[in-house]
Amino acid sequence: MENIIKDIDIISPEEAQACDFKTTEEENTGKSKKLYIESYGCQMNFSDSEIVASIMKENGFDTTSDFEQADVIFLNTCSIREKAEQTVRNRLNHFNSVKKNKPELTIGVLGCMAERLKDKLLEEEKIVDVVVGPDAYRDLPNLVASAEEGNKGVNTFLSREETYADISPVRLNSNGVTAFISIMRGCDNMCSFCVVPFTRGRERSRDPHSIVNEAQELFEKGYREVTLLGQNVDSYKWSPEENNKARLNKKEGEVSKVVNFANLLEMVALIDPKLRIRFSTSHPKDITDEVLYTMKKYDNICKYIHLPVQSGNSRVLELMNRTYDREWYLDRVRAIRKILGEECGISSDMIAGFCTETEEEHQDTLTLMDIVKYDFSYMFYYSERPGTLAAKKFADDIPLEIKKRRLAEIIEKQNQLSLERNKLDIGKIQEILIEGTSKRSEAQLKGRNSANKVVIIPNDGLLQKGDYVQVRILDCSAATLFGEIAS
Ligand code: SAM
Ligand code: SF4
């Protein structure tokens with residue numbers, strides 16, 4: 001066992017700020033053209049790329065993993081931090097050299113950066129042919145066809161209703177066991193640091209029947225876990241007459257029926273006890289006891305909640321316009337522990353060095369982390385984004401070195417807590433869902449427990465991905481649990 005335990009993975013502040021990307025895989029179904037997509041940022045963006053691939057597939061494109069083979073290259077972009085946008089610009093420079101040798105290549109920028117910069121992108125990045133925002137993907141085939149005729153095009157129209165409910169996503173980077181399902185789009189919150197409400201528009205919820213159908217089809221294809229995705233899933237609200245949250249709230253008395261997030265969770269949980277359900281992200285102001293009791297009622301709803309706090313100090317939370325304070329947040333954590341117990345996984349997002357944050361206020365984030373004992377966190381230092389409320393109202397006055405030092409302290413704290421939490425699992429028997437072999441060796445299998453922790457077990461040659469198995473946890477690092485099959 002000793003030799004498969006890796007040292008605690010300590011990430012640096014630079015790595016924390018980095019922006020990962022995923023690419024399309026090779027698919028040859030005999031279509032005449034090839035599409036290559038690079039997707040940056042959050043899971044929502046990866047999910048959107050699956051919708052884009054589906055739309056393009058209907059219009060004569062197979063996907064490729066090699067951009068040199070592509071007729072069309074799309075970059076599905078993220079604007080959340082400056083670093084994410086810089087990564088995309090560097091990538092466009094790289095594709096510039098490819099286009100020099102292949103002038104007929106079409107290059108498109110999709111997603112949040114497209115929405116934020118609109119036609120300015122065409123001026124700033126000369127090689128770009130199409131710029132398409134997150135609500136205009138149905139227009140992609142037309143825009144690409146026009147670009148092939150030499151006409152550059154932009155569509156950044158933000159819809160109040162679009163949810164792509166009828167589009168069956170082409171699964172990209174799939175392990176065949178776990179999949180993501182978008183249940184809503186946009187965000188009506190106005191966190192002062194955040195660019196999302198400007199790039200993804202108003203909050204809309206997708207028809208629950210189309211969500212259940214998608215989950216059912218995935219289950220029939222052998223998938224065993226779905227993650228319901230949205231910027232703020234607990235605020236999911238749908239009625240047959242209205243899917244736009246703001247308009248639905250105004251018309252509440254006039255609509256026939258309202259489905260909330262707890263109702264939706266139950267509908268998906270009832271598909272089959274062998275289909276696990278996860279969801280992300282929960283906003284602390286919206287997560288209700290009804291949701292927690294629904295999680296408790298169904299064994300197949302995983303006991304894990306991503307509940308980003310951002311800061312542990314109430315004054316900073318107010319400046320961030322998060323609409324809850326430290327006490328409210330801790331009360332929600334107490335409710336989770338009371339209803340779902342100590343084993344429920346809780347993770348967070350944290351921002352270090354927000355405008356005017358003092359040393360004492362930064363300490364409040366560290367003490368809150370100690371109280372909650374997060375299993376895991378995504379941690380960042382503040383990056384001012386043009387057009388946001390914070391950029392308009394507050395000076396970005398914490399020097400970069402201080403932001404990085406505070407972030408390093410938050411990361412160190414989280415590593416200690418992750419290890420502490422993982423140690424509590426040693427000796428326990430837990431059910432895991434096998435996702436495949438581990439990255440390091442075919443001799444090990446990788447699965448996840450209900451609390452979303454990665455568990456590595458020896459490969460007995462009998463278990464296959466998609467199987468559930470009871471394991472005894474024997475050891476751990478901060479990032480991983482190690483176990484054996486419990487007979
Ligand atoms: N909707 C989710 C929520 O409210 O928790 C978060 C969505 S956002 C894509 C993911 C995370 O990026 C946020 O929770 C926040 O920690 C971080 N983030 C957003 N804007 C940021 C900024 N301007 N600087 C640094 N981090 C930021
Ligand atoms: Fe951004 Fe706040 Fe909406 Fe999350 S809830 S996407 S942080 S505005």
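This structure is a prediction, so every number in the text was calculated from the model and none was measured.

### Concerning the site of ligand 2
In the vicinity of ligand 2, the contacting residues are Cys187, Asn189, Cys191, Phe193, Cys194, Val196, Pro197, Gln231, His283 and Arg322. Looking at the shell around ligand 2 residue by residue, the class counts come to 6 nonpolar, 3 polar and 1 charged.

### As for the pairing of strand β17 (residues 376-381)
Each regular strand shows side chains that alternate between the opposite faces of the sheet. Of the strand pairs in this sheet, strand β16 (residues 345-352) and β17 are connected by 6 bridges, and their pairing is parallel. Bridge pairing links Asp349 to Tyr378 in β17.

### What to know about the confidence of the model for the protein
Here the protein averages 93 in pLDDT, while 97% of its residues score no lower than 70. Throughout residues 1-9 the model reports pLDDT below 50, and contacts reaching past four residues in sequence, or to other chains, amount to 19 contacts.

### Concerning unusual backbone geometry
At the junction of Ser280 and Thr281, the peptide bond is cis and its omega measures out at 10° in the coordinates. Note that Thr281 resides in the loop between β14 (276-280) and α11 (289-297). Phi at Thr323 takes a positive value of approximately 65°, unusual for a residue other than glycine. Within the secondary structure, Thr323 sits in the loop between α12 (314-319) and α13 (326-340).

### Quick notes on helix α8 (residues 208-220)
In this model, α8 (13 residues) spans 18 Å end to end at C-alpha, consistent with the 18 Å of a helix rising 1.5 Å per residue. All buried positions along α8 are accounted for by Pro208, Ser210, Ile211, Val212, Glu214, Ala215, Leu218 and Phe219. On its buried face, α8 sits against β8 (178-182), β11 (225-229), β12 (237-238), β13 (259-260) and α10 (261-269). The N-cap of α8, judged by a side-chain oxygen 2.8 Å from the amide nitrogen of His209 a few residues on, is Asp207. Just downstream of α8 lies Gly222, where phi reads positive at about 105°.

### Topic: the sheet that holds β11
Spatially, the 3 strands line up as an open sheet ordered β8-β11-β14, and their pairing is parallel. Of all strands in the sheet, those with a lone pairing partner are β8 and β14, marking the two edges. For this sheet the average axis-to-axis angle between neighbouring strands, irrespective of direction, equals 25°. Bridging between β11 and β14 involves 5 bridges; their strand directions are parallel. Looking at the pairing, Leu229 lines up with Ser280 of β14. Here α8 sits on the sheet and contacts β8 and β11; the angle it forms with β8, its principal contact strand, is near 165°.

What counts and what doesn't
Residues numbered from 1 in each chain as written. Chains lettered and ligands numbered in written order. Predicted model: local features only at pLDDT ≥ 70, side-chain atom pairs only at ≥ 80, totals over all residues. Heavy atoms only, no water. Near = heavy atom within 4 Å. Nonpolar A, V, L, I, M, F, W, Y, C, P; charged D, E, K, R; others polar. Pairing = 2+ DSSP bridges. Helix = DSSP H or I, 4+ residues; strand = E, 2+ residues; numbered from the N terminus. pLDDT = per-residue confidence, 0-100. Contact = heavy atoms within 4.5 Å. Expected span 1.5 Å × (residues − 1). Buried < 20%, exposed > 50% of the residue type's maximum accessible area, 1.4 Å probe, protein only. Polar contact = N/O pair within 3.5 Å; in protein donor to acceptor, adjacent residues only side chain to side chain. Axes fitted to C-alpha atoms, helices over the stretch in contact; angles between N-to-C directions.

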